[in-house]
Amino acid sequence: MKVSIFSTCVVDLMAPNVGIAMVQVLERLGCEIDFPASQVCCGQPTYNSGYLEDSKLAMKNMMRAFEHSDYVVGPSGSCIAMFHEYPKIFKGDPQWELKAVALKEKAYEFTQFIVRVLGITDVGASLEGTATYHRSCHMTRLLGERETPFQLLEQVQGLQMEPLKNSDNCCGFGGTFSVKMPDISEQMVNEKCGCITETGADILISADMGCLLNIGGRLSRKGEPVKIMHIAEVLNHHNPTKKEEAGHEPANG
């Protein structure tokens, strides 16, 4: 299975450890990985701000970057959902519409790819702790994926999952929304943080780093000792064996 990695801007610049974890998991599952170096932003920030024609330049670059890929996998439901918008944006364009459709059909969010393409729900991960999961708006509503993260987390040995109240509510990030509407965004993330602390979880998991950075920053300012983890990091984690604790290096995580 040949897979091209779409790193996304946030992971590339702010959380490269998440990209590394994603690659390591996929390689252990038998995937052959490559990374098209010409990839840049998917165009979502400018597109959502109303700059359609300017955004098309980035979108066309992405279609060229992944033109020869068998599958494209990214650690963000939000950015993959943007790929799924391309056919609408380029509808009727004789040069780009078919390329847009081709990219949409082979682009998957990380957990989506593992479950729906590879047919795997247990990747052999283990993590001791109590966690709760935040659903990102774009992955849930735009990409339409509600199941695969939970199917994978259910199989992580040692991990106790606690339900999150109002889990479908936005965390207040929303990309440029948090910049344009900071006061409203702050109230939304405060509400989200309150729901998280109510669970008693010591780990917050999500599949979008934008949400995790937003919520994690607010939790930190409030002095809440909740660790944030992208789901790729969770699935790449394993509890060390007694042999490893005695001085041998772990295989991953």
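None of these values were measured; they are calculated from a predicted model.

A.B. asks: Explain the side chain of Thr 140 to me, please; I cannot follow it from the model alone.
C.D. replies: Here Thr 140 lies in helix 9 (residues 137–142). There is a polar contact of 2.9 Å between the side chain of Thr 140 and the backbone oxygen of Ser 136. Leaving out residues up to four positions away in the same chain, Thr 140 has contacts with Arg 135, Glu 145, Arg 146 and Asp 168.

A.B. asks: I would appreciate a short explanation of helix 7 (residues 97–106) in the present structure.
C.D. replies: For an α-helix, the turn length of 3.6 residues means that residues three or four places apart are oriented alike. Residues of helix 7 that are buried include every one of Ala 100, Leu 103 and Lys 106, and no others. Across the axial projection of helix 7, the buried residues extend over an arc of 145°, all falling on one side. What points out from helix 7, more than 90 degrees from its buried face, is the exposed set Leu 98 and Glu 105. Buried residues along helix 7 sit against helix 4 (52–65), strand 3 (71–74), helix 5 (77–83), helix 6 (86–89) and strand 4 (107–109).

A.B. asks: Would you mind showing me how to read the environment of Arg 64 here?
C.D. replies: Residue placement: Arg 64 occurs in helix 4. Arg 64 sits 23 residues away from Pro 87 along the chain, and the two C-alpha atoms are 15 Å apart.

A.B. asks: What should I look at first to understand the packing of aromatic side chains in this one?
C.D. replies: Within a pair of aromatic rings, the relevant descriptors are the distance that separates the centres and the angle that separates the planes. According to the stated counting rule, one finds nine aromatic pairs in the structure shown. An aromatic cluster is present here, built from Phe 6, Phe 66, Phe 83, Tyr 86 and Phe 90 joined pairwise through their rings. Over the ring of Phe 90 we find Lys 56, and its NZ or CZ is 5.6 Å from the ring centre.

A.B. asks: Would you mind going over the pattern of salt bridges with me for this structure?
C.D. replies: Side-chain pairs of opposite charge can arise whenever the charged atoms involved come near each other. One pass over the full model with this rule turns up eight salt bridges. As a salt-bridge pair, Arg 116 and Glu 147 come within 3.3 Å of each other at their nearest N and O atoms. Residue Arg 116 is located in helix 8 (residues 110–117), and its partner Glu 147 is located in the loop between helix 9 and helix 10 (148–153); the two are separated by 31 residues in the primary sequence. Arg 116 gets classed as partly exposed once you look at its relative accessible area, which sits at 46%.

A.B. asks: Hey, could you run me through the UniProt feature "domain: Cysteine-rich" (unreviewed entry) in the protein chain in this one?
C.D. replies: The sites that UniProt annotates as "domain: Cysteine-rich" (unreviewed entry) are residues 3–83 and 132–215. Here residues 3–83 runs as 56% helix and 12% strand, with 16 Å between its end C-alpha atoms. For residues 132–215, the helix share is 49%, the strand share is 13%, and the end-to-end C-alpha distance is 13 Å.

A.B. asks: I'm lost on helix 8 in this one. Help?
C.D. replies: When you tally the buried positions in helix 8, you get six out of eight residues, the bulk of the element. Buried within helix 8 we find Phe 110, Thr 111, Gln 112, Phe 113, Ile 114 and Val 115. Trailing helix 8 by a residue or two, Gly 119 shows a phi angle of about 70°, which is positive.

A.B. asks: Hey, could you run me through the sheet that holds strand 7 (residues 203–206) in this one?
C.D. replies: Strands belonging to one sheet form pairs held by backbone hydrogen bonds; the direction of such a pair is parallel or antiparallel. Strand order in the open sheet formed by four strands is 6-5-7-8, and the pairing between neighbours is parallel. Each edge of the sheet is formed by a strand with only one pairing partner; in this case those strands are strand 6 (157–161) and strand 8 (227–230). Across the sheet, the mean angle from the axis of one strand to that of its neighbour is 40°, orientation sign disregarded. Of the strand pairs in this sheet, strand 5 (residues 126–133) and strand 7 are connected by three bridges, and their pairing is parallel.

A.B. asks: Explain the packing of helix 2 (residues 16–28) against helix 8 here, please?
C.D. replies: For any two helices packed against each other, the geometry comes down to the angle between their axes and how far apart the axes lie. One can describe the packing of helix 2 onto helix 8 by two numbers: an axis separation of 11 Å at closest approach and a directional angle of 10°. With respect to their mutual orientation, helix 2 and helix 8 come out roughly parallel. From helix 2, Met 22, Val 25 and Leu 26 reach across to helix 8, where they touch Phe 110, Phe 113 and Ile 114. Counted by class, the contact of helix 2 with helix 8 contains six nonpolar, no polar and no charged residues.

Reading guide: rules and limits
Residues numbered from 1 in each chain as written. Predicted model: local features only at pLDDT ≥ 70, side-chain atom pairs only at ≥ 80, totals over all residues. Heavy atoms only, no water. Helix = DSSP H or I, 4+ residues; strand = E, 2+ residues; numbered from the N terminus. Polar contact = N/O pair within 3.5 Å; in protein donor to acceptor, adjacent residues only side chain to side chain. Contact = heavy atoms within 4.5 Å. Buried < 20%, exposed > 50% of the residue type's maximum accessible area, 1.4 Å probe, protein only. Arc of directions from axis to C-beta. Phe/Tyr/Trp six-rings, centres within 6.5 Å; stacked < 30°, edge-to-face > 60°. Lys NZ or Arg CZ within 6 Å of the ring centre and 35° of its normal. Salt bridge = Lys/Arg side-chain N within 4 Å of Asp/Glu carboxyl O. UniProt positions renumbered as here; feature names shortened; annotations may be inferred. Pairing = 2+ DSSP bridges. Axes fitted to C-alpha atoms, helices over the stretch in contact; angles between N-to-C directions. Parallel < 35°, antiparallel > 145°, perpendicular 65-115°, else oblique. Nonpolar A, V, L, I, M, F, W, Y, C, P; charged D, E, K, R; others polar.

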